[in-house]
Amino acid sequence: MQWTYGALLLLSLSLLPLYFLFVRKKQNEPWLLFLFACVAVVNLGYTLIAFSNTVEFALFANKITYLGQVLIPLCMFMLISKLCGYTYKKWVLGVLIGVAVIMFAIICTTGYLDWYYTSATIEKVDGATVLHKEYGVLHPINLIYIILYFVGMITVIGLSLGQHKSASQKHACGMLLIVLGNIAMWCFGKVIPWDVEFLSVTYLMSAGGFLIEWLMLQDYVHKNDVPVFTPAESEQLGIDIATMPMDVKIGKVLLCLKNGETLAPREREVLELILQYKKRREIAEIMYVSESSVKLYTRTLYSKLGVTCREELYAILVKK
């Protein structure tokens, strides 16, 4: 069973290079990277417990596990909030981090005070060390901490679905499934005893779900938000821009580039969204960047195309 924990640790560590290979290339998302790191820390702690020979070392490894565990709900909450288009003041983040620090400080009293654990023993099961704990009066605080974060995640997703703030109803439902799956697996692990700590598997699967969701969202584009011109407007323009294929639009616009000049990936992404009549705020939400960044990309794009506004850009499409 020791090697089972070792395998889970290697799998969790593999998330870090996957982030730099597939996520960082398109955009930097610290909370996703932080989530992967915390999952690796949790599995490192469980692996160290499995190889422990003394109660003292097992308790030390258990603290490493909790270091990741108290931060994982925070990472998930911040990721879901960002994916749903919500941002928070710096003081809110400071409070959340402060609460996580307090939680970890309470856990660190283990071995000195009987607040979190009153006693602990170890046992060898199938070659791996298992840490048995007797819980103290402050242990329920951890349960409350986790439940409150789950409630917060579901609330954010629910508000997003109700207000259509999410990049996609489909992807918002995907995030909801990740959270509900996490809750179900967490409860499952509490009710049914397993030879392996079920949380190590739960966190790993949740991190994988967020990675898949993030990769899908990077390439997703709103299609239902594209306005359609009225017949009179189309006739006035001499062409139905609204139904013109995107590759044709892009091709017409790229003809305006000077010889040897190209668009950066972010500039092309902004171009496509502008050609779908997205507002700056919508573009920022879809690309997960600030409106200031969108403004900078747009200014550079216009400069390369020799236009000064959207109307001039749209005019390129109706040129014969």
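Please refer to the structure placed before this passage.
The residue numbers shown here count from 1 along each chain, following its written sequence. The model is predicted, so local features are restricted to residues of pLDDT at least 70 and side-chain atom pairs to those at 80 or more, both for listing and for counting; the totals for chains, interfaces and linings are taken over all residues. Computation of side-chain values covers all heavy atoms of the structure but excludes hydrogens and water.

Caption draft 1: Molecular detail of the pattern of salt bridges. The working definition used for a salt bridge is a side-chain nitrogen of Lys or Arg within 4 Å of a carboxyl oxygen of Asp or Glu. Summed over all chains, the structure comprises 4 salt bridges. As a salt-bridge pair, Lys304 and Glu267 come within 2.9 Å of each other at their nearest N and O atoms. Of this pair, Lys304 sits in helix 12 (residues 291–305) while Glu267 sits in helix 10 (residues 265–274), placing them 37 residues apart in sequence. Of the two residues, Lys304 and Glu267, neither departs from the other in class, the shared state being buried. For the salt bridge of Arg268 with Glu272, the shortest nitrogen-to-oxygen distance reads 3.7 Å. With a gap of 4 residues between them, Arg268 and Glu272 both fall in helix 10, about one helical turn apart. For Arg268, a relative accessible area of 35% puts it in the partly exposed group. Note on Glu272: relative accessible area 25%, which makes it partly exposed. Put simply, DSSP H or I for four residues or longer makes a helix, DSSP E for two residues or longer makes a strand, and each gets a number counted from the N terminus. Per-residue accessibility, obtained with a 1.4 Å probe over protein chains only, is compared with the maximum for each type, and a residue is labelled buried under 20%, exposed over 50%, and partly exposed between these values.

Caption draft 2: Focus on the nonpolar core. In this structure, Leu32, Leu35, Phe36, Ile72, Ile80, Met153 and Phe210 are the most contacted members of the largest nonpolar core, which totals 63 residues. Sorting the residues of this core by element identifies helix 1 (2–23), helix 2 (30–50), helix 3 (55–83), helix 4 (90–107), strand 2 (128–135), helix 5 (140–163), helix 6 (169–191) and helix 7 (198–218) as the ones contributing at least two each. Of the residues forming this core, the biggest block, 15 residues, is contributed by helix 3. In this analysis, two residues are considered to be in contact whenever any of their non-hydrogen atoms come within 4.5 Å of each other. When sequence neighbours within four positions are dropped, the list of residues in contact with Ile80 reads Met153, Val156, Ile157, Met175, Val179 and Phe210. Definition used in this section: a nonpolar core is a set of buried Ala, Val, Leu, Ile, Met, Phe, Trp, Tyr and Cys residues joined via side-chain atoms within 4.5 Å. Within the second largest apolar cluster, 24 residues are counted, among which are Val270, Leu273, Tyr277 and Tyr302.

Caption draft 3: Geometry of unusual backbone geometry. Notably, Asp126 is not glycine yet its phi reads approximately 55°, a positive angle. In this fold, Asp126 is placed in the loop between strand 1 (117–125) and strand 2. By relative accessible area, Asp126 is classed as exposed at 60%. We note that Tyr277 has phi near 65°; this positive angle belongs to a residue other than glycine. As for its position among the elements, Tyr277 is in the loop between helix 10 and helix 11 (280–287). Tyr277 sits in the buried class, given a relative accessible area of 14%.

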